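Topology and contacts: notes
Here is how the chains run, residue by residue.
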Amino acid sequence: MSSFDSTKKALPDIIKQITDGKMQLPDFQRGWVWDDEHVRSLLVSIARSFPVGAVMLLDTGGDVKFQVRPIENVTFPHGLPEPEQLILDGQQRLTSLTQVLALDQPVKTFDEKKRPIERYYYIDIELALQEGRLDEAFFSVEADRKKKSDFGRKVDLDLSTRELECRQMMFPCREILNSDSWEESLQEFAPEKFSTYMRFRKTILAAFRSYLLPVIALGKTTSKEAVCLVFEKVNTGGVSLTVFELITASFAAEGFNLR
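Procedures and definitions
- Residues numbered from 1 in each chain as written.
- Predicted model: local features only at pLDDT ≥ 70, side-chain atom pairs only at ≥ 80, totals over all residues.
- Heavy atoms only, no water.
- Helix = DSSP H or I, 4+ residues; strand = E, 2+ residues; numbered from the N terminus.
- Buried < 20%, exposed > 50% of the residue type's maximum accessible area, 1.4 Å probe, protein only.
- Contact = heavy atoms within 4.5 Å.
- Areas by Shrake-Rupley, 256 points an atom, 1.4 Å probe, with all protein chains shown as cover.
- Pairing = 2+ DSSP bridges.
- pLDDT = per-residue confidence, 0-100.
- Phe/Tyr/Trp six-rings, centres within 6.5 Å; stacked < 30°, edge-to-face > 60°.
- Axes fitted to C-alpha atoms, helices over the stretch in contact; angles between N-to-C directions.
- Parallel < 35°, antiparallel > 145°, perpendicular 65-115°, else oblique.
- Nonpolar A, V, L, I, M, F, W, Y, C, P; charged D, E, K, R; others polar.
- Polar contact = N/O pair within 3.5 Å; in protein donor to acceptor, adjacent residues only side chain to side chain.
- Core = buried A, V, L, I, M, F, W, Y, C linked by side-chain atoms within 4.5 Å.
- Expected span 1.5 Å × (residues − 1).

1. Describing the overall build of the protein
A count of helices and strands for the protein gives ten helices and twelve strands. Across the 259 residues of the protein, 47% fall into the buried class. Within the protein, residue pairs in contact and separated by at least 24 positions form 70% of the contacts whose partners lie at least 6 positions apart. Working note: accessible area of the protein is about 13200 Å², and carbon and sulfur atoms make up 51% of it.

Now the structure itself:
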């Protein structure tokens, strides 16, 4: 009898499960480490409907108990809810997508030198509709929503208000899953550009809203040893785990929190 199920889930449904607290992290998972370039590249891949890898989850409610925590920067007003599933593989991708698509605050990421930065992500609508230029269309700006040069002294692009976004046709990625409010503003500030926007909605936005992620779910009867072995095996790619992180995972179900 198989101890896991494989299926596909719509990206918006997974994001909602995360923001509702139904999907969380086992506390032995490392923190979020992806940089700005990784985040942007992931967004471009989904916009192109490219595969970005499977997500592996563990159903909760079994004998093996792990301390849990939410995805970075996801908060709950009434305390931490009880999760239904834990993320064993796919944390970096799901954290990136949740922060970009679902949270109304700048994404806390890193630059190429691993220095912490805060960024908002945008899509240049007109550039995204041009053949072969989708990669260039996705970009990020600083927390004040301005793109600058000359060591911050020159403002090259100002997106600090909804009107500026609409008139310049720069779409905020945090509106991808629900663009109703932005569309109302576009009708108010730049109605002559609405037909162009609709072509963008039918291609780029639709790609995100209909995107299916492969999901492997381990049953709640999965043993601690199996969970830790799976965690080690699936995390051999990407950013390598340290010995400490692997040991932390091994002891997590015994009531120890080595962090």
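2. Remarks on the pairing of strand β10 (residues 154-158)
Summarising the sheet, strand β9 (residues 146-149) and β10 pair through four bridges and their orientation is antiparallel. Considered in β10, the bridge of Lys 146 is made with Asp 158. The hairpin formed by β9 and β10 contains four residues between the paired strands, and Asp 150 there has a positive phi angle of roughly 55°.

3. So, unusual backbone geometry
With a phi angle near 60°, Arg 145 is a residue other than glycine that sits in the positive phi range. By the secondary structure assignment, Arg 145 is in the loop between β8 (138-142) and β9. Despite not being glycine, Phe 151 shows a phi value in the positive range, around 55°. Tracing the sequence through the fold places Phe 151 in the loop between β9 and β10.

4. Regarding the confidence of the model for the protein
Summing up the model confidence of the protein, the mean pLDDT is 87 and the portion of residues at 70 or higher is 87%. When the criterion is pLDDT under 50, residues 236-241 qualifies, and its contacts beyond four places in sequence or with other chains add up to eight contacts.

5. A look at the packing of aromatic side chains
For the coordinates displayed, the defined rule picks out eight aromatic pairs. Taken together, a centroid distance of 6.4 Å and an interplanar angle of 40° make the contact between Phe 138 and Phe 208 tilted. With Phe 138 in strand β8 and Phe 208 in helix α8 (residues 194-209), this pair connects stretches of sequence that are 70 residues apart. Given the relative accessible area of 2%, Phe 138 is considered buried. By relative accessible area, Phe 208 is classed as buried at 0%.

6. Focus: the packing of helix α7 (residues 180-189) against α8
With their axes 10 Å apart at the nearest point, α7 and α8 run at an angle of 160° to one another. In terms of orientation, α7 lies roughly antiparallel with respect to α8. Residue-level contacts link Trp 182, Glu 183, Leu 186 and Gln 187 of α7 to Phe 194, Tyr 197 and Arg 201 of α8. Across the contact of α7 with α8, the residue classes break down as four nonpolar, one polar and two charged.

7. Topic: the sheet that holds strand β4 (residues 68-69)
One key point about sheets: their strands pair by backbone hydrogen bonds, in either a parallel or an antiparallel sense. Ordered in space as β1-β12-β3-β5-β2-β4, the six strands form an open sheet in which the pairing is mixed. What marks the edges here is a single partner per strand, and that holds for β1 (4-10) and β4. As paired strands, strand β3 (residues 55-59) and strand β12 (residues 212-218) are joined by four bridges and run parallel to one another. In the strand pairing of β12, Leu 58 is matched with Leu 218. Those strands touched by helix α1 (residues 11-19) are β1, β2 (23-26), β5 (85-89) and β12, and its axis lies near 105° from that of β1. Its contacts with the sheet put helix α3 (residues 91-102) on β2, β3, β4, β5 and β12, and the angle it makes with β5 is roughly 120°.

8. Quick look at the environment of Arg 115
Turning to its location among the elements, Arg 115 is positioned in the loop between β6 (107-110) and β7 (116-124). When its relative accessible area of 44% is taken as the criterion, Arg 115 is described as partly exposed. Setting aside residues no more than four positions away along its own chain, Arg 115 makes contact with Thr 109 and Phe 110.

9. Quick notes on the environment of Asp 124
As for its position among the elements, Asp 124 is in strand β7. C-alpha of Asp 124 to C-alpha of Phe 200: the two residues are 76 residues apart in sequence and 9.9 Å apart in space. With residues up to four places along the chain from it excluded, the contact list for Asp 124 reads Ala 137, Phe 139, Met 169 and Met 170. Within the local environment of Asp 124, its side chain forms a polar contact with the backbone nitrogen of Leu 127, the two atoms lying 3.1 Å apart.

10. Side note on the nonpolar core
Phe 138, Tyr 197 and Phe 208 are the most contacted members of the largest nonpolar core, which totals 53 residues. With residues near it in sequence (within four places) discarded, Phe 208 still touches Leu 11, Pro 12, Leu 43, Ile 46, Ala 47, Leu 101, Phe 138 and Ile 176.

11. Things to note about α3
Helical geometry: 3.6 residues make up each α-helical turn, so side chains three or four residues apart lie on a common side. Over its twelve residues, α3 runs 15 Å from end to end, which matches the ideal 16 Å to within 8%, given 1.5 Å per residue. For α3, the buried fraction is high: eleven of the twelve residues fall into the buried class. Residues of α3 that are buried: Gln 91, Gln 92, Arg 93, Leu 94, Thr 95, Ser 96, Leu 97, Thr 98, Gln 99, Val 100 and Leu 101.

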